[in-house]
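Topology and contacts: notes
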Amino acid sequence: MRTGPSMLLAGILPFGAVFIELYFIFSAIWENQIYTLFSFLFLVYVILVICCAEISVVIVYFQLCTENYRWWWKSFFASAGTGLLCILHTEYFSTTLSCKLWDSPQLSCTFGYTALMALTFGIFTGSIGFFASFMFVRYVYSAVKID
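A brief report on the enclosed structure follows. Small disclaimer: the values here were computed from a predicted structure and weren't measured. (Residues numbered from 1 in each chain as written. Predicted model: local features only at pLDDT ≥ 70, side-chain atom pairs only at ≥ 80, totals over all residues. Heavy atoms only, no water.)

Some words on the packing of helix α2 (residues 38-65) against helix α3 (residues 72-95)
With their axes 9 Å apart at the nearest point, α2 and α3 run at an angle of 140° to one another. Relative to α3, α2 is oriented oblique. Crossing handedness for the pair α2 and α3: right-handed. Two secondary-structure elements touch here, α2 through Cys-52, Ser-56, Ile-59, Val-60 and Gln-63 and α3 through Lys-74, Ser-75, Ala-78 and Ser-79. When its residues are assigned to classes, the contact of α2 with α3 shows four nonpolar, four polar and one charged. (Axes fitted to C-alpha atoms, helices over the stretch in contact; angles between N-to-C directions. Helix = DSSP H or I, 4+ residues; strand = E, 2+ residues; numbered from the N terminus. Parallel < 35°, antiparallel > 145°, perpendicular 65-115°, else oblique. Left-handed = near helix turned anticlockwise from the far one by under 90°. Contact = heavy atoms within 4.5 Å. Nonpolar A, V, L, I, M, F, W, Y, C, P; charged D, E, K, R; others polar.)

Here it is in structure tokens:
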């Protein structure tokens, strides 16, 4: 499978883990509401790390089964697709806000800051996926005996 479609498909599961929490975070940031569920946010963070690691390991496993050993970037982009889905969620969130009187500078500021957050989020989740896949490949190849 090509990197683009696999990036979007693999990013759906980690994004689904943080989807509801992103709504509350965006509401706290852009609608001046107070966010108070930090313990639940930590639980969602743990679920996100587990999902990103598992998705990347599965993608790399399928890639190694087809004898494609160029797994490094695909393991990164499999989890980093969550950042792209965050950008799409931001567009959906901004169109469904109750305040429709947004002018151009406010909208560009919203998308600019959220694009930076999504880029950081994509790099973060991609790094989790890469390091989990790296440890998986290292473990698998350390168990192989050469006779």
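Don't stop here, the text continues.
Section: the environment of Ala-53
Relative to the helices and strands, Ala-53 is located in helix α2. A C-alpha to C-alpha distance of 9.5 Å links Ala-53 and Pro-14, two positions 39 residues apart in sequence. Residues within four places of Ala-53 in sequence aside, it is in contact with Ile-128 and Ala-132.

Things to note about the packing of aromatic side chains
Centre distance and the angle of the planes are the two values used to describe a pair of aromatic rings. Within the structure shown, the criterion is met by 14 aromatic pairs. The interplanar angle of 70° and the centroid separation of 6.4 Å between the aromatic rings of Tyr-61 and Phe-136 together place this pair among those described as edge-to-face. You can see Tyr-61 sitting in helix α2 and its partner Phe-136 sitting in helix α4 (residues 104-142), a full 75 residues away along the chain. A relative accessible area of 44% means that Tyr-61 is categorised as partly exposed. By relative accessible area, Phe-136 is classed as partly exposed at 21%. Ring centres 5.7 Å apart and planes at 25° place the aromatic pair Trp-73 and Phe-77 in the stacked group. You can see Trp-73 and its partner Phe-77 sitting in helix α3, four residues apart, about one turn around the helix. Taking the relative accessible area as the measure of exposure, Phe-77 reaches 30% and is therefore partly exposed. Counting every residue linked through ring pairs, the aromatic cluster contains Trp-71, Trp-72, Phe-130, Phe-131 and Phe-134. (Phe/Tyr/Trp six-rings, centres within 6.5 Å; stacked < 30°, edge-to-face > 60°. Buried < 20%, exposed > 50% of the residue type's maximum accessible area, 1.4 Å probe, protein only.)

A closer look at the side chain of Ser-133
Inspection of the secondary structure assignment puts Ser-133 in helix α4. Looking at Ser-133, the relative accessible area reads 0%, which means it is buried. Discounting chain neighbours no more than four positions away, the residues touching Ser-133 are Ser-56, Val-57, Val-60, Trp-71 and Ser-75.

Quick word on the nonpolar core
In this structure, Phe-15, Val-18, Leu-22, Leu-48, Cys-86 and Phe-121 are the most contacted members of the largest nonpolar core, which totals 13 residues. At the level of elements, α1 (3-30), α2, α3 and α4 are the ones that each hand at least two residues to this core. Setting aside residues no more than four positions away along its own chain, Phe-15 makes contact with Leu-22, Thr-82, Leu-85, Cys-86 and His-89. (Core = buried A, V, L, I, M, F, W, Y, C linked by side-chain atoms within 4.5 Å.)

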